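# Fold and geometry: a report
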Amino acid sequence: MSSKHPSFFQSVERNFDKAAIHTGLPKGLLEQIKVCNAVYQMRFPVKIGKDYHVIEAYRVQHSHHRLPTKGGIRYSMAVNQDEVMALAALMTYKCAIVDVPFGGAKGGLKIDPRSYKEADLQKITRRYTTELIRKNFIGPGIDVPAPDYGTGSREMAWILDTYQTFKNGEIDSAGCVTGKPVNQHGINGRTEATGRGVFYSLREVVSYKEDMAKLGLTPGIAGKTMVVQGLGNVGYYAAKISIEEGDVKLIGVSEYEGAIYKEDGLDLDALMKHRKKTGSILDFPGAKNLKKREDALELECDILVPAALENQITKENAPRIKAKIIAEAANGPVMADAEDILLKKGIMVIPDMYINAGGVTVSYFEWLKNLSHMRFGRMQKRFDHNTYMNLMTTVEEMTGKKIGTKEKLLITRGAEEIDLVNSGLEETMVYAYQEIRQIFKKKKDIKDLRTAAFVSALNKISSDYMTLGIFP
Ligand code: NAD
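Being a predicted model, the structure only gives us computed values, none of them experimental.

## With respect to the packing of helix H2 (residues 27–34) against helix H16 (residues 449–468)
Two elements in contact, H2 and H16, have axes separated by 11 Å at closest approach and are oriented at 105°. As the angle between them shows, H2 and H16 are arranged roughly perpendicular. Note on element contacts: H16 touches H2 through Leu 458, Ile 461, Ser 462, Tyr 465 and Met 466, opposite Leu 29, Leu 30, Gln 32 and Ile 33. Classifying every residue of the contact of H2 with H16 by side-chain character gives 7 nonpolar, 2 polar and no charged.

If you want it as structure tokens, here you go:
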């Protein structure tokens, strides 16, 4: 980042410092929470065709106050040490906010995955995993990666296979990475978890009448207009679930190749088909192409969801943002100095370390599933179903009336894994917001949700350190 803007890590540190003054915690303890505990920077060669590519890669473990550490792996040309450190730090605070018992970590490879064949990406991923094993930077009780920008379940399967090749016989080895394909020790609901979490959070945030009145909005998610930047894993599912389960109107979308707008709402499935067919979201029938992809950020809407990369809202474009609510589905999309401008304009910013925590929450469920070596719901699904059936039969006998087959099936259904995962995710996102909101309401000198979220995280992390006796 140029000198006129803080770097991503500096942005995170600035937000940390802003919140730290509200905690009353000792300086040394705050310093220990703030720093990155371990930074592993590596270079390794991979043979691509006839050439050797020297890959620049990182794994940062920000905090060891809880183990294992946890965080995604990013493939992008923008990867550098500062970025990975910032993302690892955000993971620590994120885990604390949603009560996931991990320290924060993050990995990054400075590559453009689009410029490699699948077989070469596999080689790179396996070699990176080997480097992590070599330095003891991966393992179910050490450090557990997951997908992030530019990676998905395919890469996680390669990581798992490489790990198990080296750690033959390690009983919990499937827990060395999360976000795996469901048939490779993954969990139902992980792929869409971050986007689904964004939806649960939004629904909760907009449900408070007094908070919405301040923004000039009515409470309730239905009918709210939304603009999404980045239709990748997070952005696509955030939009899809908000439309299908929240009746939200998606009016604008920005992608790599440009941006489009449609006042009366875009049909997301049709748009995805159009992009698959033409290779672009542009020229979508009925929608208007915008001049630049960044223009979508400045559209008038109720909810703006930046779901691509960091540093998208800067002090340059912040004065032109017209959204009432910004939901930071990506990590760090609003720069610290831009946020000051947004807050002055009365815009509500829902911070990344809360609103995109759905991914790590369901990763935690996946890790627990791996350690228990059993699918969620396997023990109780039939038992619950039979119990409810007995209850229905008793009700029928007592009333002399028959309950319809369809109704009976609905009432007596035992929970599948996906039901339990979504229920756990919903509870996590709602509960965490209530904690943040309580801090925000109670402490009058806290003016924004990010500071309140940081205070929530710092209270929990400091309490861990104190209980450990490190900082009595
Ligand atoms: P992804 O690679 O699946 O999708 C990102 C999308 O953004 C791509 O479609 C890409 O073309 C698009 N994009 C890139 N630059 C853009 C630009 N300038 N304008 C518009 N679109 C652009 O990545 P993802 O996993 O969805 O991650 C997106 C963000 O969410 C990242 O900040 C990531 O750290 C964060 N995040 C991801 C997860 C997860 O579970 N995957 C969890 C928490 C946070």
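Once the structure has been displayed, the description carries forward.
## Examining the packing of helix H3 (residues 81–97) against H16
Packed helices, taken two at a time, are described by their axes: the angle between them and the distance between them. In the contact formed by H3 and H16, the axes pass within 8 Å of each other and the chain directions differ by 80°. Accordingly, the angle class assigned to the pair H3 and H16 is roughly perpendicular. Counting all contacts with H3, which are made through Thr 92, Tyr 93, Ala 96 and Ile 97, the residues of H16 involved are Ala 453, Phe 454, Ala 457, Leu 458, Lys 460 and Ile 461. Of the residues belonging to the contact of H3 with H16, the class tally is 8 nonpolar, 1 polar and 1 charged.

## Looking at the pattern of salt bridges
Applying the stated criterion to the full structure yields 41 salt bridges. Here Arg 127 makes a salt bridge to Glu 131, at a shortest N to O gap of 2.9 Å. Here the residue Arg 127 and the residue Glu 131 both occupy positions in helix H4 (residues 118–134), the gap between them amounting to 4 residues, near one helical turn. Arg 413 serves as the salt-bridge partner of Asp 419, at 3.0 Å between the closest nitrogen and oxygen. Given a relative accessible area of 48%, Arg 413 falls into the partly exposed group. What you see here is one network of salt bridges that share partners, running through Arg 74, Glu 83, Lys 106, Asp 148 and Glu 310.

## Some words on the domain arrangement of the protein chain
By domain assignment, the protein chain separates into domain 1 (36–184) and domain 2 (188–380 + 415–437 + 446–472). Taking only C-alpha atoms into account, the centre of domain 1 sits 23 Å from that of domain 2. Taken residue by residue, the interface counts 38 residues in domain 1 and 36 residues in domain 2. Per-residue buried area on domain 1 facing domain 2 is highest for His 65, Lys 94 and Ile 97; these three make up 22% of the total on that side. Put simply, domain 1 and domain 2 have 4 salt bridges between them. With a shortest N-O distance of 2.7 Å, Lys 180 and Glu 366 are connected by a salt bridge. Run the count over domain 1 and domain 2 and you get 13 residue pairs in polar contact (both at pLDDT 80 or more). Contributions of two or more residues to the side of domain 1 that touches domain 2 are made by strand E3 (69–75), H3 and strand E5 (143–147).

## Focus on the site of the ligand
The full set close to the ligand counts 22 residues, and Arg 74, Asp 148, Thr 194, Glu 255 and Asn 331 are the nearest of them. Thr 194 places a side-chain nitrogen or oxygen 2.8 Å from an oxygen atom of the ligand. Interatomic distance of 2.9 Å between a side-chain N/O atom of Asn 331 and an oxygen atom of the ligand. Within the complex, 90% of the 830 Å² of free accessible area of the ligand lies under protein. Elements that contribute at least two residues to the shell around the ligand include exactly helix H8 (233–246) and strand E7 (249–255). Considered class by class, the residues forming the shell around the ligand number 8 nonpolar, 9 polar and 5 charged. Split by domain, the residues of the shell around the ligand number at least three in each of domain 1 (36–184) and domain 2 (188–380 + 415–437 + 446–472).

## Quick look at the environment of Asp 99
Topologically, Asp 99 is positioned in the loop between H3 and strand E4 (103–109). When the C-alpha positions of Asp 99 and Lys 460 are compared, they lie 8.7 Å apart, and in sequence the two are 361 residues distant. Beyond its immediate stretch of four places on either side in the chain, Asp 99 contacts Tyr 431, Glu 435 and Lys 460. Within the structure, the side chain of Asp 99 is placed 3.0 Å from the side chain of Lys 460, a separation counted as a polar contact.

## Some words on helix H9 (residues 268–278)
Each α-helix turn comprises 3.6 residues. Residues three or four places apart therefore point the same way. Looking only at H9, the buried set comprises Leu 268, Leu 271 and His 274. What you see down the axis of H9 is that its buried residues fit within an arc of 115°, all on one side. Along H9, exposed side chains directed more than 90 degrees from the buried face belong to Lys 273, Lys 276 and Lys 277. Where H9 is buried, its residues meet H8, E7 and strand E8 (258–261). For H9, the N-terminal cap is Asp 267; the gap from its side-chain oxygen to the backbone nitrogen of Asp 269 is 3.3 Å. Where H9 terminates, the next one or two residues include Gly 279, which has phi positive at roughly 80°.

## A short note on empty space enclosed by the protein
Considering all chains together, one arrives at 1 cavity of 30 Å³ or more under this definition. Space inside the largest cavity adds up to approximately 80 Å³. Contributing elements (two or more residues each) for the lining of the largest cavity: helix H1 (8–20) and H16. The element contributing the most residues to the lining of the largest cavity is H1, with 4 residues.

## Points about the environment of Tyr 128
With respect to the helices and strands, Tyr 128 occurs in helix H4. The spacing of Tyr 128 and Gly 107 is 21 residues in sequence and 9.9 Å in space, taken between C-alpha atoms. Those residues in contact with Tyr 128 that sit more than four places away from it in its chain are Met 42, Phe 44, Ala 57, Tyr 58, Arg 59, Ile 73, Gly 107, Gly 108 and Leu 109.

## Observations concerning the nonpolar core
Core analysis: the biggest nonpolar cluster contains 94 residues, and Tyr 93, Ile 97, Leu 202, Ile 325 and Tyr 354 have the highest contact counts within it. Take this core: its biggest share by element is 12 residues, from H3. Looking at which domains feed residues into this core, each of domain 1 (36–184) and domain 2 (188–380 + 415–437 + 446–472) supplies at least three. Apart from the residues lying within four places of it in its own chain, the contact partners of Tyr 354 are Ile 97, Ser 201, Met 429, Ala 432, Tyr 433 and Ile 436. Ala 38, Leu 132, Ile 138 and Cys 176 belong to the second-largest nonpolar core, a separate cluster that totals 28 residues.

Reading the values: the criteria
Residue positions are given per chain, counted from 1 along the sequence in the order it is written. Totals for whole chains, interfaces and linings use all residues, but because this is a predicted model, local features are given only for residues with pLDDT of at least 70 and pairs of side-chain atoms are given and counted only at 80 or more. Working from all heavy atoms in the structure, the side-chain values ignore hydrogens and water. Fitting a line to C-alpha atoms yields each axis, with helices limited to the stretch in contact; the angle taken between N-to-C directions then spans 0 to 180 degrees. In this text, helices come from DSSP runs of H or I with a minimum length of four residues, and strands from runs of E with a minimum of two, each type numbered from the N-terminal end. For this classification, under 35 degrees means roughly parallel, over 145 means roughly antiparallel, 65 to 115 means roughly perpendicular, and everything else is oblique. Note on contacts: a residue pair is in contact if any heavy atoms of the two residues lie within 4.5 Å. Note on residue classes: Ala, Val, Leu, Ile, Met, Phe, Trp, Tyr, Cys and Pro are nonpolar, Asp, Glu, Lys and Arg are charged, and everything else, Gly too, is polar. Basic side-chain nitrogens of Lys or Arg form a salt bridge, by our definition, when they fall within 4 Å of a carboxyl oxygen of Asp or Glu. Burial status follows relative accessibility: with a 1.4 Å probe on protein chains alone, a residue under 20% of its type maximum counts as buried, one over 50% as exposed, and anything between as partly exposed. What counts as a domain boundary in this text is fixed by an automatic or database domain assignment. When two components associate, each loses some accessible surface as probed by a 1.4 Å sphere; the sum of these losses over both components is called the buried area. What qualifies as a polar contact is a pair of N or O atoms within 3.5 Å, subject to a donor-acceptor requirement within protein and to the restriction that residues adjacent in sequence count only when both atoms come from side chains. Each residue is tested against the molecule or strand, and it is near if at least one of its non-hydrogen atoms lies within 4 Å. Each accessible area value is a Shrake-Rupley result obtained with a 1.4 Å probe; residue values ignore everything except the protein chains displayed when judging cover. This arc corresponds to the set of directions leading from the helix axis out to the C-beta atoms. Lining residues are defined by having an atom within 4 Å of a point belonging to a cavity or pocket. Those points lie on a 1 Å grid over the protein atoms alone, cavities being sets where a 1.4 Å probe fits but cannot get out and pockets being open sets with protein on both sides within 12 Å along at least five of seven lines. Grid points are joined across faces, edges and corners, and a volume is the space filled by probe spheres set on the points. Among buried residues, those of type Ala, Val, Leu, Ile, Met, Phe, Trp, Tyr and Cys that are joined through side-chain atoms within 4.5 Å constitute a nonpolar core.

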